[in-house]
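# Remarks on the overall topology
As a plain string of letters, each chain reads:
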Amino acid sequence: MAQTPVIKANLREEFGKGASRRLRRDGRVPGVLYSAGEDNIHFDVDRLEITALVRHDGVNAVLELDIDGEQHLAMVKVIDQNVLTLNIDHIDLLGIKRGEKVVVEVPVTIEGEAAADAVVLQEADVIEIEVEALHIPEEIVVSVEGKEIGDQITAADVTLPEGATLTTDAETLVVNITFEQVDEELEAAAEAAEEGGAEAGAESDEEPAEGEGDSEGGEE
């Protein structure tokens with residue numbers, strides 16, 4: 001198992017929007033560590049470090065938060081991102097213990113090729129599982145190799161990591177193998193529009209009737 005990354009943090013003594021803005025301006029991200037039965041710890045970390053951790057280990061990343069030499073085992077729980085810059089504006093961490101199981105949502109990834117003419121629809125982007133905190137998978141892979149039109153994959157059909165338990169409803173539809181559906185009304189409207197355009201073009205190409213378009217008047 002890879003070593004748990006360590007990220008150094010500072011205790012926060014100033015709070016409020018103004019203090020948070022100053023931290024972000026200095027390249028720091030404010031955060032809160034929540035642990036059962038303990039007081040919340042307010043901290044700030046380097047934005048580049050915490051961003052790299054999330055990008056590499058995913059939204060359920062586990063880390064050792066080092067505050068003044070004291071390490072706290074924690075996992076990422078909530079990330080607030082700036083809607084314009086996509087920078088992390090705030091982060092919530094959940095304190096965990098080695099061997100403890102946690103309930104997390106894990107992204108679903110589809111691999112493989114279904115039968116010819118089949119359309120693969122991913123109905124669920126994540127699956128919720130209970131798993132040991134230090135063995136949270138980055139993703140759960142679902143294979144559609146050789147699946148035929150009409151086949152379905154539910155949460156109960158998904159192969160989970162060893163030691164993990166499904167907490168999502170077992171009947172949740174994850175992948176649906178279907179056929180390409182054509183909106184007949186929309187298709188008919190498109191055909192009518194094409195026919196109407198063709199008729200209008202044909203009328204404009206017709207020669208004017210005798211006497212039409214003669215700008216010279218007759219003799220008096």
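Reading guide: rules and limits
Residues numbered from 1 in each chain as written. Predicted model: local features only at pLDDT ≥ 70, side-chain atom pairs only at ≥ 80, totals over all residues. Heavy atoms only, no water. Helix = DSSP H or I, 4+ residues; strand = E, 2+ residues; numbered from the N terminus. Buried < 20%, exposed > 50% of the residue type's maximum accessible area, 1.4 Å probe, protein only. Contact = heavy atoms within 4.5 Å. Salt bridge = Lys/Arg side-chain N within 4 Å of Asp/Glu carboxyl O. Arc of directions from axis to C-beta. pLDDT = per-residue confidence, 0-100. 1 Å grid on protein atoms, 1.4 Å probe; cavity = no way out; pocket = protein on both sides within 12 Å on 5 of 7 lines; lining within 4 Å. Points joined across faces, edges and corners; volume = space filled by probe spheres on them. Polar contact = N/O pair within 3.5 Å; in protein donor to acceptor, adjacent residues only side chain to side chain. Pairing = 2+ DSSP bridges. Axes fitted to C-alpha atoms, helices over the stretch in contact; angles between N-to-C directions.

### Brief notes about the overall build of the protein chain
Regarding its fold elements, the protein chain presents 3 helices and 13 strands. Across the 220 residues of the protein chain, 32% fall into the buried class. Partitioning the intrachain contacts of the protein chain with sequence separation of at least 6 by distance along the chain shows that 60% fall at a separation of at least 24.

### Topic: the pattern of salt bridges
Summed over the entire model, instances satisfying the criterion amount to 5 salt bridges. In this structure, glutamate 14 and arginine 22 form a salt bridge, with 3.6 Å as the shortest nitrogen-oxygen distance. Taking the relative accessible area as the measure of exposure, arginine 22 reaches 38% and is therefore partly exposed. Its salt-bridge partner being aspartate 44, residue arginine 28 comes within 2.7 Å of it at the nearest N-O pair. Of this pair, arginine 28 sits in strand S2 (residues 28–34) while aspartate 44 is found in strand S3 (residues 41–46), placing the two residues 16 residues apart along the sequence. Given the relative accessible area of 6%, aspartate 44 is considered buried.

### Quick notes on helix H1 (residues 17–25)
What H1 keeps buried is the set Ala19, Ser20 and Leu23. On an axial view of H1, the arc spanned by its buried residues comes to 100°, and they lie on one face. Opposite the buried face of H1, by more than 90 degrees, sit the exposed residues Lys17, Arg21 and Arg25.

### Overview of the side chain of threonine 4
Its place among the elements puts threonine 4 in the segment before strand S1 (6–11). Threonine 4 has contacts with Val62, Leu63, Glu64, Leu73 and Leu134, leaving out every residue within four places of it along the chain.

### So, the confidence of the model for the protein chain
For the protein chain, mean pLDDT is 84; residues scoring 70 or higher make up 82% of the total. A low-confidence stretch, residues 213–220 (pLDDT under 50), is modelled with 0 contacts involving residues beyond four sequence positions or located in other chains.

### With respect to the layout of surface pockets
A volume near 410 Å³ is recorded for the largest pocket. Lining the largest pocket are 20 residues, with Asp57, Val62, Leu134, Ile136 and Glu138 sitting closest to its centre. Of the volumes computed, that of the second largest pocket is approximately 240 Å³. In this structure, the second largest pocket is lined by Leu33, Ser35, Ala36, Glu38, Gln71, His72, Leu73, Leu94, Gly95, Ile96, Lys97 and Glu100.

### As for the environment of glutamate 123
Within the secondary structure, glutamate 123 sits in the loop between strand S8 (118–122) and strand S9 (126–132). Taking relative accessible area as the criterion, glutamate 123 reaches 42% and is therefore assigned partly exposed. Distance in space between the C-alpha atoms of glutamate 123 and leucine 173 is 6.1 Å, their sequence separation being 50 residues. Setting aside anything within four residues of it in sequence, one finds glutamate 123 in contact with Leu173, Val174, Val175 and Asn176.

### Thoughts on the side chain of histidine 90
Mapped onto the elements, histidine 90 comes out in strand S6 (residues 88–95). Only 3.3 Å separates the side chain of histidine 90 from the side chain of aspartate 92, close enough to count as a polar contact. In contact with histidine 90, not counting residues within four places along its chain, are Arg12, Val29, Pro30, Gly31, Val32, Val78, Ile79 and Asp80.

### Description of the pairing of strand S5 (residues 70–81)
Here strand S4 (residues 62–67) pairs with S5 via 6 bridges, running antiparallel. Its bridge partner lying in S5, glutamate 64 is registered against leucine 73. Counting the residues in the hairpin turn of S4 and S5 gives 2 residues, including aspartate 68, whose phi is positive at 55°. In this structure, S5 lies alongside S6, joined through 7 bridges in antiparallel fashion. Bridge pairing in S6 links aspartate 80 to histidine 90. Between S5 and S6, which pair antiparallel in sequence order, lie 6 residues; one of them, leucine 86, sits at a positive phi of approximately 65°.

### Description of the sheet that holds strand S13 (residues 173–179)
If you walk across this open sheet you meet the 3 strands as S8-S13-S11, and the pairing is antiparallel. Both outer strands of the open sheet, S8 and strand S11 (152–154), are each paired with one neighbouring strand and no more. Averaged over all neighbouring strand pairs, the angle between strand axes comes to 15°, with direction disregarded.

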